[in-house]
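# Structural characterization, general
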Amino acid sequence: LVLTGAVLLIPEERAFLRLVVATLVCVCYSVVIAIVRPYIRVEDDVLAVATSLVLLLFFLGANWTTIFLGIEERYQGADPADVLGFSSLTGLVNTMISLVAAVLIFFLIGAIFAARRVAKLPTFRLVSTKQLPELTLAHGLKWHLFNSH
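A few points on the structure. (Residues numbered from 1 in each chain as written. Predicted model: local features only at pLDDT ≥ 70, side-chain atom pairs only at ≥ 80, totals over all residues. Heavy atoms only, no water.)

Turning next to the overall build of the protein. Of regular secondary structure, the protein possesses four helices and zero strands. When its helices and strands are written in sequence order, the protein yields α-α-α-α. Here the protein has a C-alpha radius of gyration of 23 Å; the compact-globule value for 149 residues is 15 Å, and the former is much larger. With respect to the three principal axes, the spread of C-alpha positions in the protein is 85 × 35 × 25 Å. A total accessible area of about 11600 Å² is found for the protein, and carbon and sulfur atoms account for 68% of it. Taking the average place of the 11 positive charges on the side chains of the protein and the average place of its 10 negative ones, the gap between the two points comes to 20 Å. (Helix = DSSP H or I, 4+ residues; strand = E, 2+ residues; numbered from the N terminus. Rg over C-alpha atoms; globule rule 2.2 N^0.38 Å. Areas by Shrake-Rupley, 256 points an atom, 1.4 Å probe, with all protein chains shown as cover. Lys, Arg positive; Asp, Glu negative; His and termini not counted. Charge placed at Lys NZ, Arg CZ, Asp CG, Glu CD.)

Next comes the structure, spelled out in structure tokens:
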């Protein structure tokens, strides 16, 4: 909601500030997700961090594109390659697309390995949902069953 709603409170004339705020919010969210680990399954935590990082790459690409276009527009004789290292906008965009694709491939390979690892583990599953049961222990208890001996 912050990325789609609160950022719109910043006036449209300050579009670059919107991008900077969105980038900072995305970084903070990624760090919080990585530290808190709010999901039960590790795979869900990894997926949440991965999607946040890809979104962060998109925001960084938008920031760099805005800077590139701003240099071209404001300083007619200046070469954006002196600041950003890219001589054309196409090179910048292609680099960002390649970087995002590499990150997605990396996480896809990781997801495949995680799925194969999880598939090999013997588990108890609920008949109704085919999901793992959610077992919680009250404070001070050690077992989920009656153990008489």
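Further notes follow.
Once that is clear, we can look at the packing of aromatic side chains. Between two aromatic rings, the relevant description is the distance of the centres plus the angle of the planes. Enumeration over the complete set of coordinates arrives at one aromatic pair. Ring geometry for Phe106 versus Phe107: centroids 5.4 Å apart, planes at 70 degrees, classification edge-to-face. By relative accessible area, Phe106 is classed as exposed at 58%. (Phe/Tyr/Trp six-rings, centres within 6.5 Å; stacked < 30°, edge-to-face > 60°. Buried < 20%, exposed > 50% of the residue type's maximum accessible area, 1.4 Å probe, protein only.)

Turning our eyes to something else, we now look at helix H4 (residues 89-120). Its 32 residues give H4 an end-to-end C-alpha distance of 47 Å, which sits within 8% of 46 Å, the value for a rise of 1.5 Å per residue. For H4, the secondary structure elements touched by its buried residues are helix H2 (42-74). (Expected span 1.5 Å × (residues − 1). Contact = heavy atoms within 4.5 Å.)

A word on the nonpolar core. In this structure, Val7, Leu19, Ala22, Cys26, Leu56 and Phe59 together form the largest nonpolar core, which totals six residues. Among the elements that take part in this core, helix H1 (residues 15-36) stands out by supplying three residues, more than any other. Residues contacting Phe59, with those up to four places away along its chain left out, are Leu3, Leu19, Ala22, Thr23 and Cys26. Grouped together as the second largest cluster of nonpolar side chains are five residues, Val54, Leu57, Val100 and Val103 included. (Core = buried A, V, L, I, M, F, W, Y, C linked by side-chain atoms within 4.5 Å.)

Positive phi is not limited to glycine here, since Arg37 has a value of about 50 degrees. If you trace the backbone, Arg37 turns up in the loop between H1 and H2. Within the chain, Lys130 stands out as a residue other than glycine whose phi angle is a positive 60 degrees. Its relative accessible area of 60% is what places Lys130 among the exposed residues.

Before going further, it helps to spend a moment on a nonpolar patch on the surface. Together, Val27, Val31, Val32, Ile35 and Val36 make up an exposed nonpolar region whose accessible area comes to about 430 Å². The residue Ile35 is located in helix H1 in this model. (Patch = residues over 30% accessible without salt bridge, like charges linked within 9 Å, V, L, I, M, F, W, Y side chains within 5 Å. Salt bridge = Lys/Arg side-chain N within 4 Å of Asp/Glu carboxyl O.)

Okay, the packing of H2 against H4 next. Following both chains from N to C, one finds H2 and H4 inclined at 175 degrees, their axes separated by 10 Å at the closest point. The angle between the axes of H2 and H4 places the two elements in the roughly antiparallel class. In contact with Glu43, Val46, Ala50, Leu53, Val54, Leu57, Phe58, Gly61, Trp64, Thr65, Phe68 and Leu69 of H2, H4 contributes Leu89, Leu92, Met96, Leu99, Val100, Val103, Leu104, Phe107, Ala114, Arg117 and Val118. (Axes fitted to C-alpha atoms, helices over the stretch in contact; angles between N-to-C directions. Parallel < 35°, antiparallel > 145°, perpendicular 65-115°, else oblique.)

Where H1 contacts H2, the axes come no closer than 9 Å and their chain directions differ by 160 degrees. Classed by the angle they form, the pair H1 and H2 counts as roughly antiparallel. Handedness of the H1/H2 crossing: left-handed. Counted by class, the contact of H1 with H2 contains 18 nonpolar, five polar and one charged residues. (Left-handed = near helix turned anticlockwise from the far one by under 90°. Nonpolar A, V, L, I, M, F, W, Y, C, P; charged D, E, K, R; others polar.)

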